[in-house]
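Breakdown of the fold
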Amino acid sequence: MSKTVSIVVPVYNEELSITTLVGRISSVMEATALSYELLLVNDGSTDATGAIINEMVSTNPNLFTIVFSRNFGHQAALKAGIDYAQGDCVITMDADLQHPPDLLPSLIQQWQDGFEIVHTKRLNNNETSFFKRNTSKIFYKILNRLSDLQLEEGSADFRLLDRKVVNVLKHLPEGDPFFRGLVNWVGFKESYLEYYPSSRFGGKSHYTTKKMFQLALQGITSFSTKPLYAAVYIGFFFAIASLLYVPYALVSYITGHIIQGWASIIVTIAFFGGVQLLIMGIIGIYLGKLFMQSKQRPVYIIQYTNIEIEHGHLAQFRY
Ligand code: UDP
Ligand code: MG
């Protein structure tokens, strides 16, 4: 039996690019003569995206859609796509054409050559803004330092996963999936493909600086408890350092200059207050994660999908 390729695309307010995206993917895939399905995960779009998708779905038998009940975020949309995809391999990519559909045949070729995960690595060109390039560099530096992962700089959620990998990811009970890390963590036979990103086709990036910062924190705290150890080291360092303060205090006492210590006391108190808050914050993040996980809430809620009708056996992912 010939193999099927699933292509999963999270879509959030992409009315400007969605039609072109579907057209480009369809023509690239039809040229390969492989059977494929294109699964568009509508992550609570509030513009015309949903209507455009429904229109296309009704006329294109390769097209499937999952509609979330609200915006659950990029990673949740990827999870839904991975949960529902039927193919022998699953390719995830962005809706804004920054991940070029022309690369699909090369990804599939690597899979047919026996690789179970095909990563892509974004090369920098002038299309990538100075800000994005550098924040991305810093993001991966910090992430690799503070977690036990070694992620390639410039990796994005554009990759191919074999069915074996998909089945593992599907059954991980993570309440807060971070796929860049998870895919790195599961192992399997991997390869890398390099590409130059295109510029965003329409609209603007949904990743604000705030969202990028949140993703960085999520990446770090989902994959390591190292930041908790940082608290121990910082505490130890300052405990030793403050011992040096004792002789100074004694000398001041003997020479009668006690009141002069005011400035240094204020500085010390302020500084340690800051350090303590920082460390409590780190502990708080982990505690929050435990709290959220303990509630066992689903990562996403589906309002509508046409998949069940077509495939008929996926009720276990419904909530
Ligand atoms: N996206 C999503 N939910 C969100 C934000 C983004 O599904 O809450 C999708 C978006 O439609 C796109 C992909 O995730 O297909 C990447 O988003 P974007 O292009 O805004 O991020 P960037 O490329 O700037 O990192
Ligand atoms: Mg983008």
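Report follows, based on the coordinates. The structure presented is a predicted model; accordingly, all values stated were derived computationally and were not measured. (Residues numbered from 1 in each chain as written. Chains lettered and ligands numbered in written order. Predicted model: local features only at pLDDT ≥ 70, side-chain atom pairs only at ≥ 80, totals over all residues. Heavy atoms only, no water.)

A look at the overall build of the chain
Within the chain, the regular secondary structure consists of 12 helices and eight strands. Burial statistics for the chain: of 319 residues in total, 45% are counted as buried. Long-range contacts, defined as pairs at least 24 residues apart, comprise 83% of the intrachain contacts of the chain with a sequence gap of at least 6. (Helix = DSSP H or I, 4+ residues; strand = E, 2+ residues; numbered from the N terminus. Buried < 20%, exposed > 50% of the residue type's maximum accessible area, 1.4 Å probe, protein only. Contact = heavy atoms within 4.5 Å.)

Observations concerning the packing of aromatic side chains
A complete count under the given rule lists three aromatic pairs for this structure. The aromatic ring of F72 is capped on one face by R70, whose charged end is 3.8 Å from the ring centroid. A cation over a ring is seen here: K189 above F115, with NZ or CZ 5.1 Å from the ring centre. (Phe/Tyr/Trp six-rings, centres within 6.5 Å; stacked < 30°, edge-to-face > 60°. Lys NZ or Arg CZ within 6 Å of the ring centre and 35° of its normal.)

Regarding unusual backbone geometry
Trans peptide bonds make up most of the peptide bonds, and negative phi angles are found at most residues other than glycine. Although it is not a glycine, A33 sits at a positive phi angle of roughly 65 degrees. Relative to the assigned elements, A33 resides in the loop between α1 (18-32) and β2 (35-42). What makes A33 exposed here is its relative accessible area of 72%. Phi is positive for L97, close to 70 degrees, though the residue is something other than glycine. Residue position: L97 is located in the loop between β4 (89-92) and α4 (104-112).

What to know about the coordination of the magnesium ion (ligand 2)
At the metal site, the magnesium ion (ligand 2) is ligated by D96 (OD) and Q98 (OE1), and these contacts range over 1.9 to 2.0 Å. Taking relative accessible area as the criterion, D96 reaches 4% and is therefore assigned buried. For Q98, a relative accessible area of 27% translates into the label partly exposed. (Donors = N, O, S within 2.8 Å, 3.2 Å for Na, K, Ca; no water.)

Considerations on the side chain of D83
Take D83: it is sitting in helix α3 (residues 74-84). A polar atom in the side chain of D83 sits 2.5 Å from the side chain of Y300. (Polar contact = N/O pair within 3.5 Å; in protein donor to acceptor, adjacent residues only side chain to side chain.)

Some remarks on a nonpolar patch on the surface
Taken together, the side chains of F236, I240, L243, V246, L250, Y253 and I254 present a nonpolar region at the surface, about 800 Å² in accessible area. Those elements that place two or more of their residues in the nonpolar patch are α9 (226-243) and α10 (245-255). If you tally residues by element for the nonpolar patch, the top one is α10, at four residues. Inspection of the secondary structure assignment puts V246 in helix α10. (Patch = residues over 30% accessible without salt bridge, like charges linked within 9 Å, V, L, I, M, F, W, Y side chains within 5 Å. Areas by Shrake-Rupley, 256 points an atom, 1.4 Å probe, with all protein chains shown as cover. Salt bridge = Lys/Arg side-chain N within 4 Å of Asp/Glu carboxyl O.)

Examining the pattern of salt bridges
Summed over all chains, the structure comprises four salt bridges. We note a salt bridge from R24 to D102, for which the minimum N-O separation is 3.7 Å. Placement of the pair is R24 in helix α1 and D102 in the loop between β4 and α4, with a sequence separation of 78 residues. The class for R24 is partly exposed, based on a relative accessible area of 33%. Residue D102 is classed as exposed on the basis of its relative accessible area of 52%. Between K164 and E116 there is a salt bridge, and its shortest N-O distance comes to 2.6 Å. Placement of the pair is K164 in helix α6 (residues 163-170) and E116 in the loop between α4 and β5 (117-122), with a sequence separation of 48 residues. Among the residues examined, K164 registers a relative accessible area of 46% and is labelled partly exposed.

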